[in-house]
Amino acid sequence: MSAPIAPFIPDRFRSTVPFYVAGRLNYPPRLLENVASWLDISPQDHVLDLGCGPGFLAIAFAKLGCSVTGIDPDQAMLAAARELATREGVSCSFREGSSYELGPALGRFKLVTMGRSFHWMDRPATLATLDGIVPEGGAIALFNDDDIRCRENRWVEALEEVRRPFERPEEFRTMQKTGEVERHEIVLLASAFARLESMGITERRVLTIETALARALSYSASSPEKLGEQRPVFEAQAREALLPFAVDGRLTEIVRFSALIARRPL
């Protein structure tokens, strides 16, 4: 089955930017160090962070000494990425663009990273284009995070119960959730990058109720733009649902962070 292409909306996340920065989970440095070591990524190697958002991955690889270019179609996200990079004291090149504008003029990259962004792209076309700018020995790494079903994460389910009636998901996202869209692994196996490996790290994180709420507002289906006048109602219900799970105003979360690495077959 061919995956439907999400409509290209450059500013899809514009209203979520401050909540994305405040609420989304950052990747553990240890995971990125493991990926860099596994792929023999050295300082000064060129890394492309495609769909970089506020630059979490770009900044992390810049801290490892890599020469990093972050690309995103949303100017507000890029502004947030530049601000965060300055705050973290690293140098990255951030530029406006998308997977539809990749090409040889951009340069060649030993590693292309994507953090929760690949699903928004025409995946087969993107991989075909990356085949021309990732040299032999290079790789693609898809980063993700998932909450483990456990007692400590019951608040996640409670928040989802509140969020679900307010959601305004796009059709292709609904198809993804119901399994009607092929997984990334299937798409990768049909590409030039068909040698797949994965690694992961599981951590316990502590966050506030406000951080959890910010994360809910960072999703496109429940963004401030989508919620509109219903936002105060949603926020009130979300806080009420989260309060029983908080201790001194804080929640505990068990998260598995993962990297799906795709290379050319040997």
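Data block above holds the structure.
Okay, so let's go over this structure. Quantities reported herein were computed from a predicted structural model and do not represent experimental measurements. (Residues numbered from 1 in each chain as written. Predicted model: local features only at pLDDT ≥ 70, side-chain atom pairs only at ≥ 80, totals over all residues. Heavy atoms only, no water.)

1. What about the overall build of the protein?
Of the regular secondary structure elements, the protein holds 11 helices and seven strands. Computed over its C-alpha atoms, the radius of gyration of the protein comes to 18 Å, within 12% of the 18 Å expected for a compact globule of 266 residues. Structurally, the protein occupies a C-alpha span of about 55 × 40 × 35 Å along its principal axes. The proportion of buried residues among the 266 residues of the protein is 50%. On the protein, the mean spot of the 32 positive side-chain charges and the mean spot of the 36 negative ones are 3 Å from each other. (Helix = DSSP H or I, 4+ residues; strand = E, 2+ residues; numbered from the N terminus. Rg over C-alpha atoms; globule rule 2.2 N^0.38 Å. Buried < 20%, exposed > 50% of the residue type's maximum accessible area, 1.4 Å probe, protein only. Lys, Arg positive; Asp, Glu negative; His and termini not counted. Charge placed at Lys NZ, Arg CZ, Asp CG, Glu CD.)

2. Let's talk about the side chain of Arg123
Mapped onto the fold, Arg123 is located in helix α5 (residues 123-130). For the buried residue Arg123, which engages in no salt bridge, the nearest side chain bearing the opposite charge is Glu182, 5.3 Å off. Of the polar contacts made by the side chain of Arg123, one reaches the backbone oxygen of Glu182; its length is 3.1 Å. There is a polar contact of 2.9 Å between the side chain of Arg123 and the side chain of His184. (Salt bridge = Lys/Arg side-chain N within 4 Å of Asp/Glu carboxyl O. Polar contact = N/O pair within 3.5 Å; in protein donor to acceptor, adjacent residues only side chain to side chain.)

3. Quick word on the side chain of Ser223
Turning to its location among the elements, Ser223 is positioned in the loop between α9 (209-218) and α10 (224-227). Judged by its relative accessible area of 1%, Ser223 is buried. Not counting residues up to four positions away in its chain, the partners in contact with Ser223 are Ser15, Thr16 and Leu217. (Contact = heavy atoms within 4.5 Å.)

4. A closer look at the environment of Pro244
Turning to its location among the elements, Pro244 is positioned in the loop between α11 (231-242) and β7 (250-263). The exposure class of Pro244 is exposed, given its relative accessible area of 64%. Sequence separation between Pro244 and His184 is 60 residues, and the spatial gap between their C-alpha atoms is 36 Å.

5. Examining the pairing of strand β3 (residues 93-96)
Strand residues, when the strand is regular, have side chains that alternate between the two faces of the sheet. Where strand β2 (residues 67-72) and β3 come together, four bridges link them in parallel fashion. Paired with Thr69 across the strands is Ser93, a residue of β3. Read from β2 through helix α4 (residues 75-88) to β3, the crossover connection turns out right-handed. (Pairing = 2+ DSSP bridges. Right-handed = clockwise from strand over helix to strand, strands pointing away.)

6. Regarding the packing of aromatic side chains
Enumeration according to the criterion identifies eight aromatic pairs in this entry. Taking the centre distance of 6.4 Å and the plane angle of 40 degrees together, the rings of Tyr20 and Phe56 count as tilted. Of this pair, Tyr20 sits in helix α1 (residues 17-23) while Phe56 sits in helix α3 (residues 56-63); the two residues are 36 residues apart in sequence, bridging distant segments of the chain. In this structure Tyr20 comes out as buried when scored by relative accessible area, which is 8%. Relative to Phe234, the ring of Phe166 has its centre 5.4 Å away and its plane inclined at 65 degrees; by these criteria the two rings are edge-to-face. With Phe166 in the loop between α6 (154-163) and α7 (171-177) and Phe234 in helix α11, this pair connects stretches of sequence that are 68 residues apart. The pair Phe166 / Phe234 is uniform in exposure class, with both members buried. Members of the aromatic cluster, each reached through a chain of ring pairs, are Phe13, Tyr20, Phe56 and Trp120. (Phe/Tyr/Trp six-rings, centres within 6.5 Å; stacked < 30°, edge-to-face > 60°.)

7. A word on the packing of α6 against α9
Running from amino to carboxyl end, α6 crosses α9 at an angle of 45 degrees, the nearest separation of the two axes being 11 Å. In terms of their interaxial angle, α6 and α9 are classed as oblique. For the element pair α6 and α9, the recorded crossing hand is right-handed. Of the residues in α9, those touching α6 at Trp155, Leu159 and Arg163 are Ala212, Arg215 and Ala216. The residue makeup of the contact of α6 with α9, split by class, is four nonpolar, no polar and two charged. (Axes fitted to C-alpha atoms, helices over the stretch in contact; angles between N-to-C directions. Parallel < 35°, antiparallel > 145°, perpendicular 65-115°, else oblique. Left-handed = near helix turned anticlockwise from the far one by under 90°. Nonpolar A, V, L, I, M, F, W, Y, C, P; charged D, E, K, R; others polar.)

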